[in-house]
Amino acid sequence: MKTLANILIFDSGVGGLSVFQKIQNQLPMLNYVYLFDNEAYPYGELKPEILISRVTTLVCSIVKRLNIDMVVIACNTASTIVLPALRDILTVPVVGVVPAIKPAASISQKAIGLIATPATVERQYTHDLIKQYSSSIPVRLLGTTRLVTMAEEKLRGKAVDIEELKGVLGPLIDQIDVAVLGCTHFPLLHNEIQTVFGSDVTLVDSGLAIAKRVEDLLQLNNIGFQKKQKPYAIYSSATPWEGVALNNGLQQFGFSPVQTFRLQDA
Ligand code: DGL
């Protein structure tokens, strides 16, 4: 059995940190590596074939280079189309995240709001999930990149404008009793979104389910762990690097300053 598991968390930006937090809470004794493809951000507006090619190239090459034991694609937009290709290439376990329609349907009495990226709300995968798990509860779709950017800005220290948030979420206000945060960026705005919808609306996301899945897979694959290495390493695909505001935000999550991992070097 290995003594220290290296877990890769991948997203287009800082959204995967919401998943990282849940996993790290549950499994603090692992070593985490975070890679974000901000050169191609936002993923919610990218052509599927470009997205598949970027994610497979970047992830497969960092897995090899850093001896990664398990991959978490902490991005709904990517997970809804890229998981089969990744699992074909990689021998390590790959965990994905998809919108939490199933748990939402089990608690909703009225209507569900699915808030995700423009790409995720259009994906066949998402529509199949809705058909499978929420046939009797209506699901209202809201695709937005602005909310993704607001989460990015918050991590860089910018205050969230609640009035603007009200405008973005407007089509769902007073229409739903459960909101699915179907993009990993959105739990970073959990409190602000709750303020806009009010306490009668339950917010659900997939973070905890992913953490449990990672724990199960570690056991199943006999991957052990012994001690944590902190700060964790974090890599960005973009150059030149944008500066200190983001590093300060990332430091609060336990990461050292961002290093680069470019697609052309992958
Ligand atoms: N965090 C991502 C998701 O879960 C994608 C955000 C974006 O780059 O559009 O879908």
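Starting from 1, residues in each chain are numbered consecutively following that chain's sequence as written. Owing to the predicted nature of the model, reporting of local features is limited to residues with pLDDT of at least 70; listing and counting of side-chain atom pairs is limited to 80 or more, with chain, interface and lining totals taken over all residues. Hydrogens and water molecules were not included; the side-chain quantities draw on all heavy atoms of the structure.

Taken together, 14 residues surround the ligand, and among them Ser12, Tyr43, Asn76, Thr77 and His185 come closest. Polar contact is defined as a pair of N or O atoms within 3.5 Å, subject to the rule that within protein one atom must be able to donate a hydrogen and the other to accept it, and that residues adjacent in sequence are counted only when both atoms are side-chain atoms. Residue glycine 44 places a main-chain N or O atom 2.8 Å away from an oxygen atom belonging to the ligand. A 1.4 Å probe and the Shrake-Rupley method give the accessible areas. Residues count as covered only by the protein chains that appear here. Contact with the protein chains removes 100% of the 300 Å² of surface that the ligand exposes when unbound. Classes in brief: Ala, Val, Leu, Ile, Met, Phe, Trp, Tyr, Cys and Pro nonpolar; Asp, Glu, Lys and Arg charged; the others, Gly included, polar. Tallied by class, residues from the shell around the ligand come to six nonpolar, seven polar and one charged. Neighbouring residues are identified by heavy atoms, a residue being near a molecule or strand if any of them is within 4 Å of it.

Here, strands pair whenever DSSP counts at least two bridges between them. To qualify as a helix, a DSSP run of H or I must reach at least 4 residues; to qualify as a strand, a run of E must reach at least 2; elements of each kind are numbered from the N terminus. Strand order across the open sheet formed by six strands is E4-E3-E1-E2-E9-E10, with parallel pairing between neighbours. Here the strands that pair on one side only, and so sit at the sheet edges, are strand E4 (94-96) and strand E10 (259-260). Two elements, strand E9 (residues 233-236) and E10, share two bridges in a ladder whose sense is parallel. Residue pairing for E10: serine 236 is matched across the bridge by threonine 260. Residues count as neighbours in contact if any of their non-hydrogen atoms are within 4.5 Å of one another. Axes here refer to lines fitted to C-alpha atoms; in helices the fit is confined to the stretch in contact. Angles between the N-to-C directions go from 0 to 180 degrees. Of the strands in this sheet, strand E1 (6-11), strand E2 (31-36), strand E3 (70-73) and E9 touch helix H2 (residues 48-66), which is tilted by about 160 degrees from E1.

Turning next to the sheet that holds strand E7 (residues 178-181). Strands sit in the order E6-E5-E7-E8 across an open sheet of four strands; the sheet is parallel. Pairing within the sheet leaves two strands with one partner each, and these edge strands are strand E6 (139-143) and strand E8 (202-204). Here the strands of the sheet are splayed against their neighbours by 20 degrees on average, with no regard to which way each runs. Here E7 pairs with E8 via three bridges, running parallel.

UniProt positions are given in the numbering used here, feature names are shortened, and annotations may be inferred rather than shown by experiment. If you check UniProt for "binding site: substrate" (unreviewed entry), the listed places come out as Asp11, Ser12, Tyr43, Gly44, Asn76, Thr77, Thr184 and His185 in our numbering. What stands out for the annotated residues spanning 175 residues is how close their C-alpha atoms remain, the widest pair being 11.8 Å apart. Relative to the assigned elements, serine 12 resides in the loop between E1 and helix H1 (16-26). Judged by its relative accessible area of 4%, serine 12 is buried. If we skip the residues at most four places from it in the chain, serine 12 touches Phe36, Asp37, Asn38, Tyr41, Tyr43 and His185. Among the secondary structure elements, tyrosine 43 is positioned in the loop between E2 and H2. Only protein chains enter the accessibility calculation, which uses a 1.4 Å probe; a residue is then buried when its area is under 20% of its type maximum, exposed when over 50%, and partly exposed in between.

Time to look at the UniProt feature "active site" (unreviewed entry) in the chain. With numbering aligned to this structure, UniProt lists the feature "active site" (unreviewed entry) at Cys75 and Cys183. A compact arrangement is adopted by the annotated residues: their sequence extent is 109 residues, whereas the largest C-alpha distance between any two is 6.6 Å. When you line up the elements, cysteine 75 lands in the loop between E3 and helix H3 (76-89). With a relative accessible area of 3%, cysteine 75 lands in the buried category. What cysteine 75 contacts, discounting residues up to four positions off in sequence, is Phe10, Asp11, Tyr43, Val97 and Thr184. Relative to the helices and strands, cysteine 183 resides in the loop between E7 and helix H9 (190-197). Contact partners of cysteine 183, with chain neighbours within four places excluded, come to Asn76, Ile115, Ala116, Thr117 and Val148.

This part takes up the packing of H1 against helix H10 (residues 207-220). Relative to each other, H1 and H10 sit at 50 degrees, their axes nearing to 8 Å. Taken together, the axes of H1 and H10 are oblique relative to one another. Crossing of H1 against H10: the hand is right-handed. Contacts between H1 and H10 involve Val19, Lys22, Ile23 and Gln26 from the first element and Gly207, Leu208, Ile210, Ala211, Lys212, Val214 and Glu215 from the second. Small angles under 35 degrees read as roughly parallel and large ones over 145 as roughly antiparallel, with 65 to 115 read as roughly perpendicular and the rest as oblique. Should the near helix be turned anticlockwise from the far one by less than a right angle, the crossing is left-handed, and should it be turned clockwise, the crossing is right-handed.

Okay, the side chain of serine 108 next. Positionally, serine 108 belongs in the loop between helix H4 (101-107) and strand E5 (112-116). The buried category is assigned to serine 108, whose relative accessible area is 6%. Among the polar contacts listed, one links the side chain of serine 108 to the backbone nitrogen of alanine 111, at a separation of 3.5 Å. A distance of 2.7 Å separates polar atoms of two side chains, one belonging to serine 108 and the other to aspartate 177. Setting aside its immediate chain neighbours within four residues, serine 108 contacts Ile137, Asp177 and Val178.

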